[in-house]
Every structure is written in structure tokens, then in C-alpha cells.
Amino acid sequence: MTYKLYNAQFPNRFHRMNIPQGQMKNVLLQKLSSFSLARPSGRKLVLGVLGVVIVIYLIIPLLKSGSHRYMVLTRIERCLQDRLKIYNTKVNSQNSFVYHVPTSDKAKPVEKYFLPYIGNGYIGISLDGKHGVWLKGERGLDIATDYNPLVSFEISGYDVKEAFVLDIVDGKIVKHTCYQQHGASLANCITLKETLYVHRTRPGLLVQEVSFYNPTDKNIEVSVTQDILSSWATEHSPIEHVKDNSEADADSGTKWHIGSKTLSKQVLLTVAGREFSRTGIMELPAKKTVLRHSLTVFDYTVMENKGDKSVTQKTIRDRKSRCVKAVKSALHAGSSDLYEQHTLAWHQLWQSGFAISDSKAPDSLNSDVINSTLYYILSHVSSTLQDLTSSPSEVSQAMTYLNKPRACYHNSHHTLQFSSLWQIGETVEAMNKGVDTHLSSLEHYGCSNYIKAGAEGVLQAVLLSLGGLSFRESNDKVVHMEFNVDPADLHRDYQFTNIRYADKTFLNISVIVDESNHAVLHVSSSADNFYGTDAGLAEPVLLSQKTQTFPVKLTKPLTAILYVSDSKKHLDSLRKIVQHVEVPVLAPAQDHRVLARHKHGHSYGGLPAIFWVILALLIVTFHFFLFKMIFSELCKSDSGHYYRRRALS
């Protein structure tokens, strides 16, 4: 059989169909509409695009949460992680902050760093011990002593992993360290837990509690490093010893030392501390837990007649006597009671507070920064009301200051919008500077009475500054409190807890953005004789422990959005005092784009911005292939040729 190959002219499809040139567009549209999902190629393309979008959407949260959570942990890392689980609740509520100490300078930190610092307004120290203990200066704790009383430990030949927890509710640092020999099992991980705090009610007392657990079958030697004041001995200030009759210390054979040293600025510092180990070696018995604690007492004063030796020696004797008295009092109380006294004092201090919804918007303030900053500020301010050494007259004077807020933050902008004010820094020097800035601002804006009242007053002043809250007085008496804020700024939920109005009277104020994007106020009072009214000065509502709701109204000119007073008559009289150019109306709903930025970090809704970028690329790709299919179907060849075989007989 013979085959003959020949070519044939492939006619233009539109020409072959005798379609006029003007109707080609309609034909193209008909062909495009004929592209149905029922066709296998179209169905596969759409399902493929949807599948890719779903996979990307599921992967994004894993990428955002950090790959470190999904890394396989080594035995020593699991040992450390097991000891940190108990802090999850406090960490999630922004009341504690965990930080894994990098094993080298090049290692990248896993968590956000918060300076591990403890203080009570009289003394303070950071975990790294740089510049030693800090003493009270003009405002905060900014006088360095270069004396570090913290005891450090080392086990030779063991791998080490450590992390610390800054617990701002209890006012303490908990440091966890795991030691393990290379290749040893998880069950043979030696653990060390150190609890450090500067006592809130005992001004000069620093406590370091140590708990070692040795699960191995052999005794372990631990090297102990400590500054025992040996370099402080001088002709006029020899090192003395303090008798300690406690059983724990009697067994260790260690002694108490007390010495004095003159610092810069004519500050005379006296310190009483105990040797942690007489030989510098601590033995851990096999399968045993070893509990020890280290107490250090500080006392200092400014020397007015530094050149007079007789005055100096008398002052040294007096200060040493005060230290000895403080040491004996702490030893008599015992470690359990000391810890309970300290944590109870911090819990009482934190009865007033501030909470805010989390925001993902750039440069926005969140609870972690606000809570930690409040903690650092309070750590620099003593509490006259809690101090066991305060006299009755000092306590009475502090209460007087606390109940007379004066013009604290009167007609001032709320500090919630100044994020730079809340950047404390990662070093003690930076923190000291940040705290000084805060305290200076409080003084500048009329909060001197609160500062004189001590830590409780400073906390109230900072809370007022956060929300633009202020009091009005008449005849040396508080007549009402007002909430001064622009309604347009109320685009986040936040709450003030236990704002002190007067002695034993506290207010709770919440701002909630409802489903319609309108801000609403929720107010309650610990007393039943208080009244509240909105910006429109409507009929005052009786407040109680049950929450009352107030609308946020817009006035012209802008006035306070809330007034609270213990006198209904006074609130009624405000209608004659506060003049409105226009009738107050309900404040407009918050801009949904602003709310989206706080909730999602961008203005594109509930999905991450990267999702929309990838989706846009997929849509472009989809249309590219769609165009290619249409082109192949309709315009494959206007004047092409094709070849075919034909059998010839």
C-alpha cells in the first residue's frame, strides 16, 4: 500500500463559519461562558487553586508561632521545659515572663527579654548582678554599690541549660538550672531552683532560696562562689560576726559577717551576710534534695560630717546594730513566713490595676509592656503602709496623701498613646532612666501627693495617667472624678480596677467596644452611695457593686465622657457649669479599619496580610491559565497548516 503525504489549507474558523467581523466579540463571550466546571480540566484547575489556598492558610499560623516550638528537644532541654510548665497560666495572663538564657552570645533568644529585676524602693538588684545592689537616689534606685551578694553555683563536667521567670505578681525571680552529663538519661538530670526576692515589708532584706535535687546514684560536688565582705575590712570598720542559733546554719559551720563601706555621694553602706559555704564546696548527696537559703541585710545613710571620725564611728556602730536587729528578726520569722509576708504585700499592692485587649497594630502598647513597666516602677518605690519599720504617724501621713490626689493629671493627655514612655529597656541603667522619666512626669502633672504616699499612691497616679482620669476638689475635698478621653481613641477594650476615690471606696471602669463598633462604659463602685453620669450629663445613676452601663457621647467642645461623685446634687449642678455648644450625641462607631489593625495587625480583615498576597498571586495565575486555555481553544491558528496521511490505493 502506498501512502501519499499532502498538505491542506486550514481555514480561519471565523471565516469558515461565515461570522461577520463585528460579531466576533459575542462569539468569544459565548465560548468563554461554555467553560464549565463540569468539564474535567476546569474542575481540576479550580480544585487545585482552592487546595493550595487552604494549605497555605493552615501553614501560616505554624510559621507565625515560631519554629522553635516544634523542634525536637534534647534531654536536658526537656528537663528544663518540665520545670517551666507550672508557670504557663501566669505567662499567658502576662503576669510572668519566661526567658531561656542563650548558651552562647551567638545563640538567638527564644522569647522577648524582660529585665530580671527585684526591688522594694530601698534596695534593688538584677539577676546578672552587674553593679551589685542599687540604693535609693533622688527618685529611684540609681546609686550603684558594686557589691553583689548573690551566690552562684557550678558543677564541673556537666552540660548546663538555664531559664529564669520574672514573676511580677509575687515580686520575685525564679531561676531554673539543669545539669546533665553528656549521654545521661533524662532521669539523671540534676536540677537547681533559685528563688530570689527583695522583701516588700522588710526594707533592707534580700533573700535567695536554693533547692538542689540530685537524682543520680553518686554524690555531686558543687562549686560555690560568693562575696563575703572580706574586702570591706578597714581600720575603722572591721568585719564582725553575728551569732546564728538556727539549726540549718549550725550544721553548715558557716558564720555571719557584717561590714561597712563609704560609697560615693557620702553614702555609708552597712551589710550583714552569711557564708553560704565555709570551704567553697557544697556536696549534694545521692537521691536527695538539699534546701538552703541565704539572707543579706542592707542599711545605709548619707554622712553629713564625713570628716569627723567620731561621728563616723558612732554612725557605723548604730548602723551595724540596726543590721544585727534586722538579721535576728528575719531568722526568727523563718523562710516560710518571710516568703508569705512578701508575696502577700505584693498581692495587696496589685489589687489596683489595668488590663487591655491585645493589639497587633504597630507600636501599640500591650499588657506585657504595661504590666512589666508598672512592676519596675513599684520596685523603685517603697511602701510606707506596708513597711514593718514605719511608725504610726508615718502611716497616718501616707494615708492622708493617698486620699488627697489634688490635681494629678488634671487636663492632661492620657499616656496610653505615648508608647515611647513605656520603653523601659533591657539594662538596669536604661530601666533606671525609664523609671525616673515616669516619676518626673508624675511630679510635673501634679501627682506629688501620690508620690509622697508611697507605692500605693504611685500606682494610683500611673493608672490615672493611662486613662486620662482625674479628680476635682472643692474646699480641700474631692467632689467628683471624670474620665477625660477623646471618644475617637476608644478603639480597644480596657479596664481599670480599684481606682481609689476616697478612703475605702474604689471604682471599676471598663471600656468595651460592642458588636456595632461603638464604645460603651461599664462602671461599678465598692460603695452604694456613688452616682455616675455620661458626657451628656443625663440623670445620674446610682452605682453599686453591680455594673452600670453608660453610652459614650460626643460633645462640642469635647468634655469628659464620664462623671462620678458621691453627691447626686453635685452632678446635677454640673449641667449649669459644663456648657455644650451642641446637644451631645452618641459617639460615632469606631473605624473598622482601625479595629482591624488592632485585631489583625492590618486593615484587611481576619486573615493575615500574606494570605491576601498569595491569594492575589493565585488569582493572577488562574487567569493566566484560563486565558491560555481560551487562546488554545479559539485562536490556535488563524492561517496554520496541518498535515495528515491518506492512504492511496
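Residues numbered from 1 in each chain as written. Predicted model: local features only at pLDDT ≥ 70, side-chain atom pairs only at ≥ 80, totals over all residues. Heavy atoms only, no water.

If you walk through the whole model with that rule in mind, you get 20 aromatic pairs. Ring plane angle 55° and centroid distance 6.3 Å describe the contact between Tyr147 and Phe298, whose orientation is recorded as tilted. Taken as a pair, Tyr147 in the loop between strand E6 (141-144) and strand E7 (152-154) and Phe298 in strand E17 (residues 288-302) lie far apart in primary sequence, 151 residues in all. Here the two residues Tyr147 and Phe298 agree in accessibility, since each one is buried. Aromatic ring contacts, followed pair by pair, group Phe153, Tyr179, Phe212 and Phe276 into a single cluster. The side chain of Arg200 reaches across the aromatic face of Trp346, ending 4.9 Å from its centre. In this arrangement the basic side chain of Arg292 is found over the ring face of Phe276, its NZ or CZ atom lying 4.5 Å from the centre. (Phe/Tyr/Trp six-rings, centres within 6.5 Å; stacked < 30°, edge-to-face > 60°. Helix = DSSP H or I, 4+ residues; strand = E, 2+ residues; numbered from the N terminus. Buried < 20%, exposed > 50% of the residue type's maximum accessible area, 1.4 Å probe, protein only. Lys NZ or Arg CZ within 6 Å of the ring centre and 35° of its normal.)

Our focus in this paragraph is the sheet that holds strand E28 (residues 562-565). One open sheet holds the 5 strands; their spatial order is E19-E20-E28-E24-E25, and the pairing between them is antiparallel. The open sheet has two edge strands with one neighbour each: strand E19 (469-474) and strand E25 (541-543). Pairs of neighbouring strands in the sheet enclose a mean axial angle of 30°, with direction left out of account. (Pairing = 2+ DSSP bridges. Axes fitted to C-alpha atoms, helices over the stretch in contact; angles between N-to-C directions.)

With that out of the way, let us pick up the nonpolar core. Residues Tyr376 and Phe483 are the most contacted members of the largest nonpolar core, which totals 93 residues. For this core, the element with the highest residue contribution is helix H12 (residues 455-467), accounting for 8 residues. The residues contacting Phe483, other than those within four sequence positions of it, are Gly467, Gly468, Leu469, Tyr494, Phe496, Ile509, Val511, Leu521, Ala560, Ile561 and Leu562. Residues Val151, Ile220, Met282 and Val290 belong to the second largest nonpolar core, which totals 16 residues. (Core = buried A, V, L, I, M, F, W, Y, C linked by side-chain atoms within 4.5 Å. Contact = heavy atoms within 4.5 Å.)

What follows is about helix H8 (residues 367-379). With 13 residues, H8 extends 18 Å between its outermost C-alpha atoms, agreeing within 8% with the 18 Å of an ideal straight helix rising 1.5 Å per residue. By the criterion of burial, H8 is predominantly enclosed, with 13 of the 13 residues buried. (Expected span 1.5 Å × (residues − 1).)

On to the pattern of salt bridges, then. With the rule as written, the count across this model stands at 23 salt bridges. Beyond isolated ion pairs, a larger network of salt bridges with shared partners links Lys90, Asp167, Asp170 and Lys172. (Salt bridge = Lys/Arg side-chain N within 4 Å of Asp/Glu carboxyl O.)

So, on to the environment of Leu466. Within the secondary structure layout, Leu466 lies in helix H12. When its relative accessible area of 1% is taken as the criterion, Leu466 is described as buried. In the structure, Leu466 is positioned 52 residues away from His414 in sequence and 5.1 Å away in space, judged by C-alpha atoms. Aside from chain neighbours lying at most four places away, what touches Leu466 is Phe354, Ile370, His414, Thr415, Leu416, Trp422 and Phe496.

A word on the confidence of the model for the protein. Averaged over every residue, the pLDDT of the protein is 82; residues scoring 70 or more account for 78%. Under a pLDDT of 50 for its full length, residues 245-251 has, in the predicted model, 5 contacts with residues more than four places off or in other chains. Here residues 639-649 is a poorly scored stretch, pLDDT under 50, and it has 23 contacts once near neighbours within four places are set aside; other chains count. (pLDDT = per-residue confidence, 0-100.)

Another point: H12. Between its first and last C-alpha, H12 extends 19 Å over 13 residues, near the 18 Å set by a 1.5 Å rise per residue. The element H12 is extensively covered by neighbouring structure, given that 13 of its 13 residues are classed as buried.

For the rest of this paragraph, the subject is the sheet that holds strand E21 (residues 494-502). The strand order across the open sheet built from 5 strands is E18-E21-E22-E23-E26, with neighbouring strands paired in antiparallel fashion. Each edge of the open sheet carries a strand with a single partner, namely strand E18 (353-356) and strand E26 (548-551). Averaged over all adjacent pairs, the angle separating strand axes in this sheet is 25°, with direction ignored. As paired strands, E18 and E21 are joined by 4 bridges and run antiparallel to one another. When the bridges of E21 are listed, Phe354 appears paired with Phe496.

Once that is clear, we can look at the pairing of strand E20 (residues 477-483). The buried fraction of E20 amounts to 6 of the 7 residues, a majority that puts the element mostly inside the structure. Pairing of E19 with E20, which is carried by 6 bridges, proceeds in the antiparallel orientation. Bridged to Leu469 within E20 is Phe483. Counting the residues in the hairpin turn of E19 and E20 gives 2 residues, including Asn475, whose phi is positive at 55°. Strand direction decides the pairing type here: E20 and E28, joined by 3 bridges, are antiparallel. Each bridged residue has a counterpart across the sheet, and for Met481 the counterpart in E28 is Val564.

Let us now look at the pairing of strand E23 (residues 519-525). Within E23, 6 of the 7 residues are buried, which leaves the element mostly enclosed by the surrounding structure. What sits between the antiparallel neighbours strand E22 (residues 505-513) and E23 is a turn of 5 residues, in which Asn517 has the positive phi angle 70°. Strand direction decides the pairing type here: E23 and E26, joined by 4 bridges, are antiparallel. When the sheet's bridge partners are listed, Leu521 is paired in E26 with Phe550.

It is worth spelling out the packing of H8 against H12 at this point. It is at 10 Å that the axes of H8 and H12 come closest, and there the two elements cross at 145°. Remark: the crossing between H8 and H12 carries right-handed chirality. Taken together, the residues of H12 that come into contact with H8 (itself represented by Ile370, Leu374, Ile377 and Leu378) are Ala455, Val458, Leu459, Val462 and Leu466. Its residues assigned to classes, the contact of H8 with H12 comprises 9 nonpolar, no polar and no charged. (Left-handed = near helix turned anticlockwise from the far one by under 90°. Nonpolar A, V, L, I, M, F, W, Y, C, P; charged D, E, K, R; others polar.)

The linkage connecting Lys556 with the following residue, Pro557, adopts the cis geometry, with an omega of -5°. Along the chain, Pro557 turns up in the loop between strand E27 (553-554) and E28. The phi angle at Lys287 is positive, at roughly 60°, despite the residue not being glycine. By the element assignment, Lys287 lies in the loop between strand E16 (281-284) and E17. Here the phi dihedral of Asn475 falls at roughly 55°; this positive angle occurs in a residue that is not glycine. Inspection of the secondary structure puts Asn475 in the loop between E19 and E20.

Right, let's talk about the state of the cysteines for a bit. By definition, a disulfide links two cysteine residues through a covalent bond between their sulfur atoms. The tally for this structure, following the rule as stated, stands at 2 disulfides. Paired through a disulfide, Cys79 and Cys189 show a sulfur-sulfur distance of 2.2 Å. For the disulfide bridge between Cys79 and Cys189, the dihedral angle about the S-S bond is near -85°, and by the sign convention the bridge is left-handed. Separated by 110 residues along the polypeptide, Cys79 in helix H4 (residues 75-84) and Cys189 in the loop between strand E9 (172-180) and strand E10 (190-198) bring together distant segments of the chain. Judged by relative accessible area, Cys79 falls into the buried class, the value being 1%. Across the disulfide, Cys408 is cross-linked to Cys447 (sulfur-sulfur distance 1.9 Å). Because the torsion about its S-S bond is 80°, the bridge between Cys408 and Cys447 counts as right-handed. Of this pair, Cys408 sits in the loop between helix H9 (392-402) and helix H10 (428-444) while Cys447 sits in the loop between H10 and helix H11 (448-453), placing them 39 residues apart in sequence. Sequential numbering of the bridged cysteines in the protein gives the disulfide pattern 1-2, 3-4. (Disulfide = S-S within 2.5 Å.)

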